[in-house]
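Coordinate inspection notes
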Amino acid sequence: MLEWSDTERDGSPGAGVLGELLRPLLPSGARVLVAGPHPAALLDEPVAGACELSVLLRSYSDACRLAEQHEATVYCGSLEKAAFPEGFDVVIALDGVERLMSFDHAGGSWSEALRRLTGMLAPGGTLVLGVENPLGVHRFAGDPSEVHERADDDWAAAELDQSRPVNLEQLTGLLDGSGLTLGRSYAAYGHPSGPHLLLDVSALENASAPTALAVAACAGVFGTPPAGYDSRHLCRMAMAGGLGARIATRWVVVAHAAGGRCATTPVALTMDADAAPYWRLPCELAPAAQGGWVRRARGDRTLRVSGRVIRTPGLLDGPIPEGRFLAEILMAACARNDVVAIREVLALFLRWMEGHGGEGKVPGWTAFAVADNVIFDGTRFAMLDASWQLPGELDTDVVLARVMRHFAVRLLDSGLWHPWSWQLGTDRLTLTLLSMMGRTADLEIVRRGAELDAEIDADLAGSQDDGAQDGGTGEDGPVQDGAAGDGPGHDGPGQSGPDQSGQSHGGPGGWRESYRELYAARGRLRARLEEAQQKITMLERDLDTAEAKLVKAVRAVKQAERRDERIRSSAGFRVGRVITASAAALGPVRRMFGAGSGRSANRA
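This write-up is about the structure you can find in this document. Please read these numbers as outputs of a predicted model, since none were measured by experiment. (Residues numbered from 1 in each chain as written. Predicted model: local features only at pLDDT ≥ 70, side-chain atom pairs only at ≥ 80, totals over all residues. Heavy atoms only, no water.)

Some thoughts on the overall build of the protein chain
When helices and strands are counted, the protein chain shows 18 helices and 21 strands. For the protein chain, long-range pairs separated by at least 24 residues make up 71% of all intrachain contacts whose partners lie at least 6 apart in sequence. With an accessible surface of roughly 29300 Å², the protein chain has 52% of that area assigned to carbon and sulfur atoms. (Helix = DSSP H or I, 4+ residues; strand = E, 2+ residues; numbered from the N terminus. Contact = heavy atoms within 4.5 Å. Areas by Shrake-Rupley, 256 points an atom, 1.4 Å probe, with all protein chains shown as cover.)

Looking at a negative patch on the surface
A cluster of acidic residues, E540, D542, D544 and E547, forms a negative patch at the surface. The topology assignment puts D542 in helix α16 (residues 510-575). Overall, D542 belongs to the partly exposed group, its relative accessible area being 48%. (Patch = residues over 30% accessible without salt bridge, like charges linked within 9 Å, V, L, I, M, F, W, Y side chains within 5 Å. Salt bridge = Lys/Arg side-chain N within 4 Å of Asp/Glu carboxyl O. Lys, Arg positive; Asp, Glu negative; His and termini not counted. Charge placed at Lys NZ, Arg CZ, Asp CG, Glu CD. Buried < 20%, exposed > 50% of the residue type's maximum accessible area, 1.4 Å probe, protein only.)

Description of the environment of L429
For L429, the location among the structural elements is in helix α14 (residues 426-437). What L429 contacts, discounting residues up to four positions off in sequence, is A408, L411, L412, W420 and L424.

Here's the deal with the sheet that holds strand β15 (residues 324-325)
Reading across from one edge, β15-β17-β18 is the order of the three strands in this open sheet, with antiparallel pairing throughout. Among the strands making up the open sheet, the edge pair consists of β15 and β18 (381-383). Where β15 meets strand β17 (residues 374-376), two bridges bridge the pair, whose relative direction is antiparallel. If you follow F325 over to β17, its bridge partner there is I375. (Pairing = 2+ DSSP bridges.)

Some thoughts on unusual backbone geometry
For N337, which is not glycine, the phi dihedral falls at a positive 60 degrees. Checked against the element boundaries, N337 lands in the loop between α11 (326-335) and α12 (339-354). You can call N337 partly exposed: its relative accessible area is 39%. Despite not being glycine, E359 has its phi angle at roughly 60 degrees, a positive value. Overall, the relative accessible area of 84% leaves E359 in the exposed class.

Structural notes on the packing of aromatic side chains
On inspection of all chains with the given rule, the structure shows eleven aromatic pairs. With a centroid separation of 5.6 Å and an interplanar angle of 70 degrees, the aromatic rings of W417 and W422 are classed as edge-to-face. Each member of the aromatic cluster is reached from another via a ring pair, and the members are F349, W352, W365, F376 and F381. A cation sits over an aromatic face here: R31 above F88, 4.5 Å from the ring centre. Directly above the aromatic system of F368 lies the positively charged group of R402, at a separation of 5.9 Å from the ring centroid. (Phe/Tyr/Trp six-rings, centres within 6.5 Å; stacked < 30°, edge-to-face > 60°. Lys NZ or Arg CZ within 6 Å of the ring centre and 35° of its normal.)

Some details on the environment of Y278
Counting through the fold element by element, Y278 comes out in the loop between β9 (268-270) and β10 (283-287). Between the C-alpha atoms of Y278 and V305, which are 27 residues apart in sequence, the distance is 9.6 Å. Engagement of the side chain of Y278 in a polar contact is seen with the backbone nitrogen of V305, the distance being 3.2 Å. (Polar contact = N/O pair within 3.5 Å; in protein donor to acceptor, adjacent residues only side chain to side chain.)

Comments concerning helix α10 (residues 231-240)
Taken across its ten residues, α10 has seven buried, putting it largely inside the fold. Looking at α10, one finds that the buried residues are S231, R232, L234, C235, R236, A238 and M239.

Thoughts on the sheet that holds strand β14 (residues 318-319)
Pairing is mixed in the open sheet, where twelve strands are placed in the order β3-β2-β1-β4-β5-β8-β6-β7-β9-β10-β11-β14. Two strands in the sheet have a free side with no partner beyond their single neighbour: β3 (73-76) and β14. With two bridges connecting them, strand β11 (residues 293-297) and β14 associate as antiparallel partners. Paired with R295 across the two strands is G318, which belongs to β14. In the packing of helix α4 (residues 110-118) onto the sheet, the strands contacted are β1 (31-35), β4 (88-93) and β5 (121-132), and the crossing angle to β5 comes to about 145 degrees. (Axes fitted to C-alpha atoms, helices over the stretch in contact; angles between N-to-C directions.)

Comments concerning the pattern of salt bridges
Evaluated as defined, the whole model comprises 22 salt bridges. Of the charged contacts in the structure, one is a salt bridge between E86 and R31, with a shortest N-O distance of 3.9 Å. Taken together, the residues E86 in the loop between β3 and β4 and R31 in strand β1 connect sequence positions 55 residues apart. A relative accessible area of 49% means that E86 is categorised as partly exposed. Two residues, D317 and R301, come together in a salt bridge whose shortest N-O distance is 2.8 Å. Residue D317 is located in the loop between β13 (309-311) and β14, and its partner R301 is located in the loop between β11 and β12 (304-306); the two are separated by 16 residues in the primary sequence. Residue R301 is classed as buried on the basis of its relative accessible area of 11%. One continuous salt-bridge network, built from bridges that share partners, spans E20, R23, E284 and R298.

Brief notes about the packing of α11 against α12
One way to put it is that α11 packs onto α12 with a least axis distance of 9 Å and a crossing angle of 160 degrees. Put simply, α11 runs roughly antiparallel to α12. Note on packing geometry: the crossing formed by α11 with α12 is left-handed. Contacts between α11 and α12 pair L326, I329, L330, A333 and C334 from the former with A341, I342, V345, L346 and F349 from the latter. (Parallel < 35°, antiparallel > 145°, perpendicular 65-115°, else oblique. Left-handed = near helix turned anticlockwise from the far one by under 90°.)

A look at the packing of α12 against helix α13 (residues 396-414)
Close contact between α12 and α13 brings their axes to 12 Å; oriented N to C, the two are set at 140 degrees. Our classification of the angle between α12 and α13 gives oblique. Of the two possible hands of crossing, α12 and α13 adopt the one that is right-handed. Of the residues in α13, those touching α12 at L346, F349, L350 and M353 are V399, L400, V403 and M404. The class makeup of the residues in the contact of α12 with α13 is eight nonpolar, no polar and no charged. (Nonpolar A, V, L, I, M, F, W, Y, C, P; charged D, E, K, R; others polar.)

Concerning α11
Most of α11 sits out of view: eight of its ten residues are buried. Every buried residue of α11 is listed here: L326, A327, E328, I329, L330, M331, A333 and C334.

A closer look at the pairing of β4
Across the six residues of β4, five count as buried, placing the element largely inside the fold. Taken together, the three bridges between β1 and β4 define a ladder with parallel strand orientation. The residue bridging L33 from the neighbouring strand is V91, located in β4. Sheet topology places β4 next to β5; five bridges connect them, and they run parallel. Note that in β5 the partner of I92 across the bridge is V128.

Keep in mind these values describe shape, not function.
Here it is as structure tokens:
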């Protein structure tokens with residue numbers, strides 16, 4: 001396909017945790033075929049493993065661009081016309097088979113394309129196949145426009161192909177029919193093009209799933225769009241009902257040809273959903289002997305530092321806390337207008353936060369105890385990701401303002417129901433939440449919390465090329481059962497990093513200072529705007545009062561005028577009446593008005 005590109009659309013899977021899954025499946029010297037469009041970062045995995053890499057693309061422009069950027073043999077053509085002299089040891093098709101067929105062969109079925117793909121395997125070869133779930137959580141909780149849009153490559157309606165699998169059982173049945181031996185089957189959570197959590201389906205059935213991580217993977221990508229369904233609630237209910245694999249955004253299956261040896265792959269893998277590449281940490285999960293799951297950071301365990309923000313990979317090691325996110329609890333209470341429950345939960349959260357500090361100070365890691373990162377099991381709080389830290393100590397009020405403002409922004413952006421006025425802005429809602437928590441705060445505290453949030457965001461946006469530094473290294477190893485060390489994620493005081501003096505690590509860069517100055521200027525302008533709005537409100541109140549007084553005065557004047565008219569009309573009616581009296585009695589009256597004479601009066 002000459003005038004065509006598959007890379008212009010956002011939807012080529014392979015990013016995120018999928019690259020970690022491929023590492024044990026790529027032995028040195030293996031012939032590897034990557035079929036279909038995939039991210040460039042995923043193509044680096046076979047090259048790093050000293051594999052012989054080949055890529056099959058249907059777009060001529062994509063093939064030319066890829067051949068210039070990567071050391072790989074690039075083939076351009078559709079799957080039905082592809083012919084290779086010998087089979088491949090590993091075939092990777094994480095995008096499925098839809099974008100391996102061209103428009104001139106749109107009548108080919110999905111099962112036929114899968115048969116051609118499996119035919120490219122050498123004896124004992126491995127197939128890594130990914131298929132998007134047409135009934136995944138992203139279909140309900142994602143942007144509705146993305147679900148119903150018709151892209152340029154939708155010339156063939158995939159939903160009308162009866163051979164396309166719509167559940168994991170149909171997919172594994174097609175692979176069994178192709179003569180392949182199934183290895184692990186994973187349920188992927190997060191965005192379909194870049195899942196952030198892979199869970200072995202058998203582990204979902206045989207052990208309690210790490211629900212908190214699945215909820216975090218869905219909420220971190222989809223959030224709670226106003227027109228969609230709450231992904232947190234949908235994922236949690238599906239997990240509780242044993243339908244975790246049914247609502248996965250994608251299925252990833254590892255299968256082997258006859259004579260092949262099943263490679264050992266992790267039971268579960270996870271990676272940060274919305275962190276910058278410098279901060280991302282892949283983690284391996286495994287069921288613990290005592291129940292639950294344990295986690296261990298893998299890969300590069302180097303300390304990450306940028307500005308004042310520190311991330312210690314070792315603090316991720318240990319049991320994964322289970323329970324409900326604080327954001328879930330608060331949003332559910334908001335939906336019920338249950339102000340009492342909100343007050344009680346926030347009071348418990350305040351007690352937990354203050355228990356880690358004293359004299360108005362708390363450790364720096366508490367700045368990351370936002371509602372989307374804190375889990376409550378009914379008795380204790382814990383942080384899902386306790387690897388983020390700030391050195392030194394911070395003011396308790398400022399940290400609480402940052403945490404509550406973070407939730408206020410999420411709540412207002414979601415469009416969900418809450419018991420307060422819809423005209424309430426972020427800062428005012430933050431003040432309301434702080435007062436319900438039992439803290440006395442003002443707009444100045446909220447602004448300081450917002451400035452702390454802006455500083456953290458600026459440091460998180462940093463990279464190694466802009467002031468970020470690497471710290472000490474750690475050792476990598478397999479996941480083992482056991483208790484984790486003391487840390488903020490396990491209801492302990494936690495470590496605040498190697499430097500407790502409060503000094504910043506690495507130069508923040510001039511752009512960060514400019515960012516802080518810009519944010520401070522915006523805060524001052526916002527303060528002036530609020531003052532002007534308050535003055536306008538007072539003037540409007542005075543104007544309403546004056547208008548009410550004017551209306552009252554006009555009403556009084558009109559009432560007086562109507563009263564005078566009634567008096568005048570009543571007096572005129574009495575004068576015009578016919579008076580019957582004797583002439584002697586009428587004489588004085590007539591003389592008073594100068595009317596007539598006595599003779600005429602007598603005549604009358």
